[in-house]
Each structure stands twice: as C-alpha cells, then as structure tokens.
Amino acid sequence: KSQPPVTLISAYQVCPRPTNLLGNTAYHQQVRALSLSNTPHIHPRKAFIRDLSTFLSTLQAQGHDIILGGDFNEALDDRNSGLLKLVTTHDLIDPFLHRFPHHPTFGTYEHGHRRIDSIFLTPSLLSCLSKIGYAPFQFAKPSDHRPIIIEFHMRTLFGFTN
C-alpha cells in the first residue's frame with residue numbers, strides 16, 4: 001500500500017573502554033578501522049553515534065519509518081549519553097518506556113543494573129505496536145543479555161486495512 005518504508009536497524013555500540021587491553025574485541029576493531037579511515041582521533045563511540053545519526057538522517061529525509069534496536073552499552077539516563085542525544089535528535093521513542101513509564105529500573109546485562117539493550121521507533125509506528133517486553137536471561141540461548149521482544153500488528157505496520 002502507500003505506507004512509508006520501514007527500515008529495521010540492528011546496532012552494537014562498543015563499551016567505553018576495551019574489555020581487554022590487548023586483543024581483537026569490537027572496540028579494537030573499530031579503533032583500527034577509524035585509524036585506516038584517517039580519523040584515529042575520534043573515539044569509537046562518538047564515531048558510532050555520528051555515523052548512525054548520518055544514516056538515520058538520510059533515511060528520515062527519504063520518508064522512512066525506523067525501528068532501531070541494539071546493545072548500546074549505554075542507558076538513556078547515563079551522563080553525557082550519546083544515545084539520548086541520538087534518539088532526541090531523530091525524534092525516536094522508546095516503546096518500552098512509552099508502554100511502561102513507571103516500570104522500575106532493571107539491568108539488561110547480567111553484570112549490570114542499567115537498561116543498555118533497547119529498541120527505538122519513529123512515533124508513527126507506536127500505533128502498530130502490539131507487545132513489548134524483556135525476557136529472562138538465557139531465554140532463547142546462552143547470553144549475558146536479556147532479549148527484548150517486540151511484536152507489531154503486521155497488517156497495520158504494512159498498511160493493510162482489511
């Protein structure tokens with residue numbers, strides 16, 4: 001039908017510091033990639049927010065609705081949150097907080113107490129949201145992160161009215 005395109009983005013933002021001083025972690029890989037692109041001075045997390053913001057701007061200029069999910073290794077209420085700036089700049093909504101505004105804080109990482117795994121949507125997609133929630137650790141497979149489960153009314157999401 002005549003619905004705008006829906007773009008689903010799965011993202012991973014590295015930790016603020018490498019988890020190992022030496023190695024081949026995602027942090028180290030991003031530092032090397034930034035160095036190869038002649039931008040070794042920028043922190044991988046700043047580059048992530050910058051690049052994702054540029055991508056989101058391009059999609060939104062083309063009229064796309066956005067579903068952005070990921071392990072951001074950062075909570076919206078963290079001090080100097082690049083994630084908060086990103087979702088605010090691009091007018092994205094946290095559907096979990098929208099559905100459960102008074103839910104107590106909880107950790108989505110087994111060794112943490114903050115919600116660092118999240119999904120964000122363009123506001124027009126909220127009407128398509130059916131269910132959202134976090135499953136327990138180890139729910140679907142061995143992991144130290146809670147899976148976030150989101151369900152949409154597919155007919156509404158893709159513009160079918162009957």
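Refer to the structure presented above.
The structure presented is a predicted model; accordingly, all values stated were derived computationally and were not measured.

## Overview of the overall build of the chain
Next up, step 1: If you tally the helices and strands in the chain, you get 5 helices and 5 strands.
Next up, step 2: Ordered by position from the N terminus, the helices and strands of the chain form the series β-α-α-β-α-α-β-β-β-α.
Next up, step 3: In summary, the chain has a C-alpha radius of gyration of 17 Å against a globular reference of 15 Å for 162 residues, a match within 12%.
Next up, step 4: C-alpha atoms of the chain, sized along the principal axes, occupy 55 × 35 × 30 Å.
Next up, step 5: Among the 162 residues that make up the chain, the fraction classed as buried is 41%.
Next up, step 6: A separation of at least 24 residues holds for 65% of the contacts in the chain among residues at least 6 apart in sequence.
Next up, step 7: In the chain, 15 positive and 12 negative side-chain charges are present, and the distance between their average locations comes to 2 Å.

## Focus on the pairing of strand β1 (residues 6-12)
Next up, step 1: Residues Thr7, Ile9 and Ala11 point to one face of β1 and are all buried, whereas Val6, Leu8, Ser10 and Tyr12, pointing to the other face, are not buried.
Next up, step 2: The sheet contact formed by β1 and strand β2 (residues 65-71) spans 7 bridges and is parallel. Residue Val6 lies in a different strand from β2, and its bridge partner there is Asp65.

## Digging into the pattern of salt bridges
If the charged atoms of two oppositely charged side chains come close together, the side chains can form a pair.
Next up, step 1: A complete count under the given rule lists 4 salt bridges for this structure.
Next up, step 2: In this structure, Glu74 and Arg45 form a salt bridge, with 2.6 Å as the shortest nitrogen-oxygen distance. Of this pair, Glu74 sits in the loop between β2 and α3 (82-89) while Arg45 sits in helix α2 (residues 44-61); the two residues are 29 residues apart in sequence, bridging distant segments of the chain.
Next up, step 3: Residue classification places Arg45 among the buried residues on the basis of a relative accessible area of 12%.
Next up, step 4: The salt bridge partner of Arg115 is Asp94, with a shortest N-O separation of 2.5 Å. A residue pair is termed long-range when its members are at least 10 positions apart, and Arg115 in the loop between α4 (95-99) and β3 (117-121) and Asp94 in the loop between α3 and α4 qualify at 21 residues. For the pair Arg115 and Asp94, a shared accessibility class is recorded, and that class is buried.

## Some points on the side chain of Arg115
Next up, step 1: Among the residues examined, Arg115 registers a relative accessible area of 13% and is labelled buried.
Next up, step 2: When sequence neighbours within four positions are dropped, the list of residues in contact with Arg115 reads Glu74, Ala75, Asp94, Phe96, Leu97, Phe106, Thr108 and Tyr134.

## Thoughts on the environment of Pro44
Next up, step 1: Structurally, Pro44 can be placed in helix α2.
Next up, step 2: C-alpha separation for the pair Pro44 and Cys15, spaced 29 residues apart in sequence, amounts to 9.1 Å.

## Examining α3
Next up, step 1: Of the residues making up α3, those classed as buried are Leu83, Leu86 and Val87. Within α3, the buried residues cover an arc of 90° as seen down the axis, which keeps them to one side. For α3, exposure combined with an orientation more than 90 degrees from the buried face picks out Lys85, Thr88 and Thr89.
Next up, step 2: In this structure, the buried side of α3 is in contact with α2, β2 and β3.
Next up, step 3: At the N-terminal boundary of α3, the capping side chain belongs to Ser81, with an oxygen 3.3 Å from the backbone nitrogen of Leu83.
Next up, step 4: Positioned one or two residues after α3, Asp91 has a phi angle of 55°, which is positive.

The rules behind the values
- Residues numbered from 1 in each chain as written.
- Predicted model: local features only at pLDDT ≥ 70, side-chain atom pairs only at ≥ 80, totals over all residues.
- Heavy atoms only, no water.
- Helix = DSSP H or I, 4+ residues; strand = E, 2+ residues; numbered from the N terminus.
- Rg over C-alpha atoms; globule rule 2.2 N^0.38 Å.
- Buried < 20%, exposed > 50% of the residue type's maximum accessible area, 1.4 Å probe, protein only.
- Contact = heavy atoms within 4.5 Å.
- Lys, Arg positive; Asp, Glu negative; His and termini not counted.
- Charge placed at Lys NZ, Arg CZ, Asp CG, Glu CD.
- Pairing = 2+ DSSP bridges.
- Salt bridge = Lys/Arg side-chain N within 4 Å of Asp/Glu carboxyl O.
- Arc of directions from axis to C-beta.
- Polar contact = N/O pair within 3.5 Å; in protein donor to acceptor, adjacent residues only side chain to side chain.

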